[in-house]
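Examining the three-dimensional arrangement
What follows is the residue order along each chain.
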Amino acid sequence: QDLHLPVAVPKVSSSPSQEFPADWSIKTRILFMSSQPFTWTEHLKAQEEAQGFAQHCRATETTLPPSVQDPRLSRELRCAFQQSLVYWLHPSLPWLPLFPRIGADRKIAGKACPWAQDEALQQVLKNDWSVSFTSLYNLLKAQLCPYFYVCCSQFTVLFRAAGLAGSDVPTAAIAPTTRGFREALRSIEFSLPLVEGSRTRKRKISEENLETEVADGLREGSGVEDADEPAPSDDEDESFSWLEEMGVQDEVKKPDAVSIQLRREKQEVQVDHRPESLALVRGGDTLPLLNLLINCRSLVAVAGPQAGLPPTLLSPVAFRGGTMHTLKVR
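My aim in this report is to walk through the structure given alongside it, one point at a time. (Residues numbered from 1 in each chain as written. Predicted model: local features only at pLDDT ≥ 70, side-chain atom pairs only at ≥ 80, totals over all residues. Heavy atoms only, no water.)

Section: the state of the cysteines
- Per the counting criterion, the structure on display carries 0 disulfides.
- Lacking any disulfide linkage, Cys151 is separated from the closest cysteine sulfur, that of Cys152, by 7.5 Å.
- Relative accessible area serves as the criterion here: at 2%, Cys151 is assigned to the buried category. (Disulfide = S-S within 2.5 Å. Buried < 20%, exposed > 50% of the residue type's maximum accessible area, 1.4 Å probe, protein only.)

Laid out in structure tokens, this is it:
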């Protein structure tokens, strides 16, 4: 559905099979509310915790009983809860908060960063990160990893396997982007779905307005000669034929090619750092994107608290160089 237009709120079904659209943005916390207490999630036994880790590493699908009388006594439920808290991260530096990376300078400032002035150490970190990144991509292509995130200091990349989000090929979404980064992507086929959707909406509204004007003109008996006029387009150059009809074409200064180019570039820059700047890469172009990100110098900050620190890789499954972490539960 159109994300920019208000829609009627559907009635929520009480059936447990109700499916909701996936929210692919990553958060720092989530709140669950229930009429029943969550005391069963506290103080897991050592065996339950170990079983949960083993089930996660083996990708075991847990089958829960249809009804649980007392959750505190349900070992299957408590093990499955532990299993669902696990995620994998690279690099893993216990003294540094590595997510989120956008706007994390204050949290990282003052922390020990021995690689900040050591280029050799920075290269070692980058090489190790490249191996982990490639490992995740190979898992994604083999459909052994459904998705993973690359969290940089300026933007985030979401890689999704084929079969997710209504796509039969792997996809990669990058947001937010800038004009400079999009220029670096010129060798890769990509789209700006939110910008293109906005243009489609504007064109549709323009056509609807034109149809309304034509209908009103017909009712007033004004004829239909205006109905053949095409809807205005943002991408077309301005026409100055009306100046020639008036005979003042030589007296009015027309915008030169440089002015037209600057106007177009201004429109491109206006979406920078905004949600509309999201770039989508599909299919086989995700591999060149992988290589571009590995070799992209701007991917790693050269100054500030995050200088020399590779992007954070987040994955729901194990990968080469990944470190197991668990979400904190209160």
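Examining the pattern of salt bridges
- Counted by the stated rule, this structure contains 6 salt bridges.
- Close ionic contact of Glu48 with Arg78 constitutes a salt bridge, the shortest N to O distance being 2.8 Å. Linking Glu48 in helix α1 (residues 46-57) with Arg78 in helix α2 (residues 75-84), this pair joins segments that are 30 residues apart in sequence. Pair check on accessibility: Glu48 and Arg78 agree, each one buried. (Salt bridge = Lys/Arg side-chain N within 4 Å of Asp/Glu carboxyl O. Helix = DSSP H or I, 4+ residues; strand = E, 2+ residues; numbered from the N terminus.)

Things to note about the packing of aromatic side chains
- Within the structure shown, the criterion is met by 9 aromatic pairs.
- A ring pair is formed by Phe133 and Phe159, whose centres lie 5.8 Å apart and whose planes are at 70°; its orientation type is edge-to-face. With a gap of 26 residues between them, Phe133 in helix α4 (residues 119-141) and Phe159 in strand β3 (residues 156-160) connect regions that are remote in the sequence. Residues Phe133 and Phe159 agree in their burial class; the two are buried.
- Where Phe148 meets Phe159, the ring centres are 4.9 Å apart and the plane angle is 10°; that geometry is what we call stacked. (Phe/Tyr/Trp six-rings, centres within 6.5 Å; stacked < 30°, edge-to-face > 60°.)

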